[in-house]
Structures are given as structure tokens and as C-alpha cells.
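# Structural characterization, general
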Amino acid sequence: MKILHVTETLVGGVETYLNTIIPYQAECYGTDNVLVLVPQQHVAEDAPLKAYYRCFDRPSRSLGSCASLAKLFKQAVIDFDPDVIHIHSTFAGVVCRIPGLITKRSQRKVVYCSHGWCFDGYTGIKAKVFSQIEKILAYRVSSVINISHHDFESARKQKIPEHKKKN
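Structural notes, computed from the coordinates.

About the criteria used
- Residues numbered from 1 in each chain as written.
- Predicted model: local features only at pLDDT ≥ 70, side-chain atom pairs only at ≥ 80, totals over all residues.
- Heavy atoms only, no water.
- Helix = DSSP H or I, 4+ residues; strand = E, 2+ residues; numbered from the N terminus.
- Buried < 20%, exposed > 50% of the residue type's maximum accessible area, 1.4 Å probe, protein only.
- Contact = heavy atoms within 4.5 Å.
- Areas by Shrake-Rupley, 256 points an atom, 1.4 Å probe, with all protein chains shown as cover.
- Arc of directions from axis to C-beta.
- Pairing = 2+ DSSP bridges.
- Right-handed = clockwise from strand over helix to strand, strands pointing away.
- Salt bridge = Lys/Arg side-chain N within 4 Å of Asp/Glu carboxyl O.
- Phe/Tyr/Trp six-rings, centres within 6.5 Å; stacked < 30°, edge-to-face > 60°.

## Quick word on the overall build of the protein chain
In terms of regular secondary structure, the protein chain is built from five helices and seven strands. In sequence order, the secondary structure elements of the protein chain are arranged as β-α-β-β-α-β-α-β-α-β-α-β. Within the span of the protein chain, comprising 167 residues, buried residues form 46% of the whole. Summarising the internal contacts of the protein chain: among those between residues at least 6 apart in sequence, 64% fall at separations of at least 24. Carbon and sulfur atoms provide 57% of the accessible area of the protein chain, an area that totals close to 8,700 Å².

## Description of helix H5 (residues 149–157)
Those residues of H5 not exposed but buried are Asp151, Phe152, Ser154 and Ala155. One side of H5 carries all its buried residues, which in axial view fall inside an arc of 165°. What points out from H5, more than 90 degrees from its buried face, is the exposed set His149, His150 and Lys157. Backbone geometry just downstream of H5 places Lys159 in the positive-phi region, at approximately 60°.

## What about the pairing of strand E4 (residues 84–88)?
With five of its five residues buried, E4 lies for the most part within the structure. Bridging between strand E1 (residues 3–7) and E4 involves five bridges; their strand directions are parallel. In the sheet register, His5 faces E4, and the bridge partner there is His86. Bridge analysis of E4 against strand E5 (residues 109–113) gives five bridges, and the strand direction is parallel. Considered in E5, the bridge of Val84 is made with Lys109.

## Section: the pairing of E5
Counted residue by residue, E5 has four buried out of five residues, so it is predominantly covered. In terms of strand pairing, E5 meets strand E6 (residues 143–145) through three bridges, oriented parallel. Opposite Val111, over in E6, you have Ser143 as the bridge partner. Crossover handedness for the path E5 to helix H4 (residues 124–138) to E6: right-handed.

## Here we look at the pattern of salt bridges
Throughout the structure, instances matching the rule amount to three salt bridges. Two residues, Arg108 and Asp81, come together in a salt bridge whose shortest N-O distance is 2.7 Å. Residue Arg108 is located in the loop between helix H3 (90–96) and E5, and its partner Asp81 is located in the loop between helix H2 (63–80) and E4; the two are separated by 27 residues in the primary sequence. Judged by relative accessible area, which is 6%, Arg108 ranks as buried. Take Asp81: its relative accessible area is 34%, and that puts it in the partly exposed class.

## Points about the packing of aromatic side chains
With the rule as written, the count across this model stands at two aromatic pairs. Summarising the aromatic geometry, the rings of Tyr112 and Trp117 are spaced 6.1 Å apart at their centres and angled 65° between planes, so their arrangement reads as edge-to-face. Each member of the pair, Tyr112 as well as Trp117, carries the same accessibility label: buried. Measuring from ring centre to ring centre gives 5.3 Å for Trp117 and Phe119, while their planes differ by 10°; the resulting arrangement is stacked. You can call Trp117 buried: its relative accessible area is 4%. The class of Phe119 is buried, set by a relative accessible area of 3%. Through a chain of ring-to-ring contacts, three or more aromatic side chains come together here, namely Tyr112, Trp117 and Phe119.

## Quick look at the environment of Pro39
Structurally, the position occupied by Pro39 is in strand E2 (residues 34–39). For the pair formed by Pro39 and Cys55, sequence separation is 16 residues and the distance between their alpha carbons is 5.3 Å.

Bear in mind that shape data such as this cannot, by itself, settle questions of function.
Here's what the structure looks like:
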């Protein structure tokens, strides 16, 4: 099994999660079968998982860095040909769920984990817009993983499709 992880940030909870799961997956499936797309600016010189990283340029959160991630992601899907694509966090979630970036292959699974829903940080119209975007994009993945009870409840309240949600 080949697993491709994609993240637009490598700080905080996402990094902790990857530092836990990558060694386990590498042991189970082989070191050549795990790849992580990460921003170059977040990779420390002595990063323990550096051998698994393929980096893209992200000087700031901008359309340019999103385009850089989209280009690298599309190429990684073609070259690496993963069985599972695991997308981490909001920006990577938006970029990598754009139609056409994930090449067709019926047995490929695509998993999304928000690591905290973007709509939780807002109220009013912004929360509604972000919630609608997440509902639409949920149909572009095999499943949505909630990393906490709070995330699960937030997804339920915002009516993220039930058949997609996993704890």
C-alpha cells in the first residue's frame, strides 16, 4: 500500500500527528511507500521525518503557495500513484479536493482531516460560507476524519455528510 500525505502547514497538531503515524506506516508498508508533501519553510534541518518529505514553496498563505502545492500534488499523484491520499488541514483540503487534481482510479481512497474545522473560528456569514464549502468538498473524498469529539460535533452541527464522517 502506498500512502501520500499532504499538508499546507507542518506546525502544531499536524506535525505531531504525522510524527506519530508516519513511522508506523513506514514500518507496515515500507519506507518507499510513504510520502509527505510539506512546505519547505516548515522543515527543520534536523527534521526526523525529512526522508519522507517532498517540499513545495510556501513563503506565505497566498494564491501562489496554493498553486505551488497544487502543482506538486498533481505530479505526486501521477508519479507516486498512491492507494491512499490523506489530506491534512483546511488549505491543503481546499487545494487537493479541486476537481481534476486527483487522477481517476476507482480503488484509490482519499481521506480528509481538518485538524480543527475552519468554520469553528467564525460566526455569522463567514461560518456559513466556510461550512457550505466544507459540505461540498466532503463529496470529493472517501471519508472525513474528525480528530476529536469537538470536531465531530462541529461537523454534525454544520451537517457535514454523515456517511463521510469517521471518528
